[in-house]
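# Examination of the molecular architecture
What follows is each chain in one-letter form.
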Amino acid sequence: MSSTLPDSVRIVEVGPRDGLQNEQQPIEVAVKVKLVEMLAEAGLTAIETGSFVNPRWVPQMAGSEEVFAAVERRPGVSYSALTPNLQGFERALAAGASEVAVFTAASDSFTRKNTNCSIDESLERARVLMEAAAGHGLPVRGYVSCVVGCPYEGAIAPARVAEVARRLLDLGCYEISLGDTIGVGTPASVSAMLEAVLDSVSVAKTAVHLHDTYGQALANIYAALQMGIAVIDSSVAGLGGCPYARGASGNVASEEVVYLLEGLGIAHGVDLERLVAAGQFICDRLGRSNGSKVATALLNKASG
């Protein structure tokens, strides 16, 4: 296993989509738009802006067309959309998404519970969507859920993750984001999973999406960085809980990732002060405490 830290890291900000999709209270389109614009102003160049899923299943994403229409686009920023099927892709295309994302899992049970189909069927949906995307020159990112553990099947074999990741890559995804959906990973299990994946997927096409349910996200991210991974998914203010562990944290906070990268001397292009402001903005609108320890410390320091 190599132990070479990357010179720079691209942070994929998932807060406006993955972070907000499970919020129970309605969130105005203008608030979502402001959040996306503040994140772009902070220097983030990859922002998950919405999701074109059936609004009956994810009501919070029902206004994604309006969000994409209203956001003031900044040059060099990718505004992406999650698209579960061809219909979702067509909506994303019409809305002007910079790129789209497809998703599956390394667990057949999870895929059936989440999307009512098998892994093979989810990959077939992805194939049809990616053919359409290729026709329009739109990049497609692939997500693999449950890369370490599954709430239904328990531990997941690294070889299964590697197989699914390779199949997504072969279908045409430019990058594969590996998600520890329930946050059970440790540096040992995440490293073992990545070793298996990197046998068939290049490090340049691999990203990690590591949840903090058990407080291991930053340790796991550091382990991934040591293996050369240079793309990290995160959510401002730690938005987005884990749906399988009541009250538990889910997405790792973008502020924590930026602070870690700064401490390691790894370039990331994000203004931490502006990022903290964006996180506090949305927390204030949601009426909830900030889920980022870094943001809380810096805000307390500024007010004290």
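Fair warning: this is a prediction, and the values are worked out from it, not measured in the lab.

### Topic: helix 9 (residues 217-226)
- Within helix 9 the residues assigned to the buried category are Ala217, Asn220, Ile221, Ala223, Ala224 and Leu225.
- Against strand 8 (175-180), helix 8 (187-197), strand 9 (206-210), strand 10 (231-234) and helix 10 (254-264) lie the buried residues of helix 9.

### Regarding the pairing of strand 9
- Extensive coverage of strand 9 is indicated by the burial of five of its five residues.
- Of the two faces of strand 9, the one holding Thr206, Val208 and Leu210 and the one holding Ala207 and His209 are both buried throughout.
- Bridging between strand 8 and strand 9 involves five bridges; their strand directions are parallel. Looking at the pairing, Gly179 lines up with His209 of strand 9.
- For the handedness criterion, the β-α-β arrangement of strand 8, helix 8 and strand 9 is classed as right-handed.

### Details of the pairing of strand 2 (residues 46-51)
- When you tally the buried positions in strand 2, you get six out of six residues, the bulk of the element.
- Across two bridges, the pairing between strand 1 (residues 10-13) and strand 2 is parallel. The partner of Val12 across the bridge, within strand 2, is Ala46.
- As defined by bridge partners, strand 2 adjoins strand 3 (residues 78-82) across five bridges and the pair is classed as parallel.

### Re the nonpolar core
- Counting residues in each nonpolar core, the largest one holds 91 residues, and the members touching the most others are Leu178, Leu194 and Leu275.
- In terms of residues, this core owes the most to one element, helix 11 (residues 272-286), which gives eight residues.
- Beyond its immediate stretch of four places on either side in the chain, Leu275 contacts Leu39, Ala42, Leu44, Val236, Ser254, Glu255, Val258 and Val270.
- Val14, Leu82, Ala101 and Val231 belong to the second-largest nonpolar core, a separate cluster that totals eight residues.

### Details of the side chain of His268
- Among the structural elements, His268 can be located in the loop between helix 10 and helix 11.
- Reaching out from His268, the side chain makes a polar contact with the side chain of Glu262 at a distance of 3.4 Å.
- A polar contact of 3.0 Å, which involves the side chain of His268, links it to the backbone nitrogen of Val270.
- Among all residues touching His268, those that are not within four sequence positions of it are Val9, Ile11, Val258, Leu261 and Glu262.

Calculation notes
- Positions within a chain are numbered from 1, following the residues in the order the chain's sequence is written.
- Totals for whole chains, interfaces and linings use all residues, but because this is a predicted model, local features are given only for residues with pLDDT of at least 70 and pairs of side-chain atoms are given and counted only at 80 or more.
- Based on all heavy atoms of the structure, the side-chain values leave hydrogens and waters out of the count.
- Only protein chains enter the area calculation, which uses a 1.4 Å probe; residues under 20% of their type maximum are buried, those over 50% are exposed, and those in between are partly exposed.
- Runs of H or I in DSSP of at least four residues are treated as helices and runs of E of at least two as strands, each being numbered from the N terminus.
- Any two residues whose heavy atoms approach within 4.5 Å at even a single point are treated as in contact.
- Pairing between strands is defined by DSSP: at least two bridges between the two strands are required.
- For crossovers, right-handed means that the path from the first strand over the helix to the second runs clockwise, given strands pointing away from the viewer.
- Here, nonpolar core refers to any group of buried Ala, Val, Leu, Ile, Met, Phe, Trp, Tyr and Cys residues whose side-chain atoms link them within 4.5 Å.
- Polar contact criterion, stated in full: a pair of N or O atoms within 3.5 Å, where within protein one must be able to donate a hydrogen and the other to accept it, and residues adjacent in sequence count only if both atoms are side-chain atoms.

What is shown is where atoms sit, not what they do.
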